[in-house]
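So you can see what is in the structure, the chains are spelled out below.
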Amino acid sequence: MDHGFGLDVPETLAEVCLPERLALVVYDMQVGIVPQLPDGPAVTRAVAEVLDAARAGGFRVFFTRHMSLPNEVAGVSQLRTAKAWQRTRSVAEVKPAFPRDSPQFQIVPELEPRPSEAVFDKIAMSAFVGTPLEMALRDSGLGAFAIAGIALEVGIEPTVRHATDLGFLPVVVADACGARDRAAAERAFAGFAFAGGSLMTEVSAIAPLLRGRAA
């Protein structure tokens, strides 16, 4: 731990992985998203290992879900993005992919949230836009969070970059972050390393640290 100007500045993963410093964010592990990745089941198992460890160690857990608004109330950005993803020629052809309360909107059963955990719904890529996540972390005195889920190159990257601008320390669990475009994922990892505002780790390194806090 580095010290200066009245502050404790974490340098290592072990220094961050304390229930009073860090939470776990499980990003968009939804029934309609996980199967889009060829390695979706493997990613789910990796996220489950981190989640189990965080629960055992007494860490706060937050889930996010991506939600599609009805076309009638969706804005320009929402409709343009849906049009691009669905490869339609007109916004009139767009169909909401993840309507609230639809089966595909739910968290996969293997990672079912507990009553003691929070689920935040969002329509943006950053988990901090339009959700209570920032307030929930700050109100609990937490300055860091580990993040795992899908998809790295679409939603986790902007969440991590947004978090550093908000003054949080994100811990990216690399092998528990699924991606559909591997080249884009590698660019995201390279960007994290270049920017230097986050920590990178793997399940094998963080899970024992999280679980070990149970004592």
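Predicted model, so just to flag it, every value in this text is computed and none were measured.

This brings us to the nonpolar core. Membership of the largest hydrophobic core comes to 40 residues, with the highest contact counts inside it found for Val26, Leu111, Ile206 and Leu210. Counting residues per element, this core draws most heavily on helix H2 (residues 40-57), at 8 residues. Excluding residues within four positions of it along the chain, Ile206 makes contact with Leu13, Cys17, Val50, Ala146, Val171, Val173 and Thr201. Val25, Ala188, Phe189 and Phe192 belong to the second-largest nonpolar core, a separate cluster that totals 26 residues.

On to the environment of His162. In this fold, His162 is placed in helix H5 (residues 152-165). In this structure His162 comes out as partly exposed when scored by relative accessible area, which is 25%. A sequence separation of 119 residues divides His162 from Val43, and the C-alpha atoms of the two residues are 23 Å apart.

In this section: the side chain of Thr131. Residue position: Thr131 is located in the loop between strand S5 (118-122) and helix H4 (133-139). At 3.2 Å, the side chain of Thr131 and the backbone nitrogen of Leu133 are in polar contact. The contact partners of Thr131, leaving out residues within four places of it in the chain, are Phe120, Asp121 and Lys122.

What follows is about the pattern of salt bridges. Applying the stated criterion across every chain yields a total of 7 salt bridges. In this structure, Glu117 engages Arg55 in a salt bridge whose closest nitrogen and oxygen atoms are separated by 2.7 Å. Of this pair, Glu117 sits in the loop between helix H3 (76-86) and S5 while Arg55 is found in helix H2, placing the two residues 62 residues apart along the sequence. When the shortest N-O distance is used, the salt bridge between Asp121 and Arg100 registers 3.0 Å. Remark: Arg100 occurs in the loop between H3 and S5 and Asp121 occurs in strand S5; sequence separation between them is 21 residues. With relative accessibility at 19%, the residue Asp121 sits in the buried group. Given the relative accessible area of 47%, Arg100 is considered partly exposed.

Definitions and limits used
Residues numbered from 1 in each chain as written. Predicted model: local features only at pLDDT ≥ 70, side-chain atom pairs only at ≥ 80, totals over all residues. Heavy atoms only, no water. Core = buried A, V, L, I, M, F, W, Y, C linked by side-chain atoms within 4.5 Å. Buried < 20%, exposed > 50% of the residue type's maximum accessible area, 1.4 Å probe, protein only. Helix = DSSP H or I, 4+ residues; strand = E, 2+ residues; numbered from the N terminus. Contact = heavy atoms within 4.5 Å. Polar contact = N/O pair within 3.5 Å; in protein donor to acceptor, adjacent residues only side chain to side chain. Salt bridge = Lys/Arg side-chain N within 4 Å of Asp/Glu carboxyl O.

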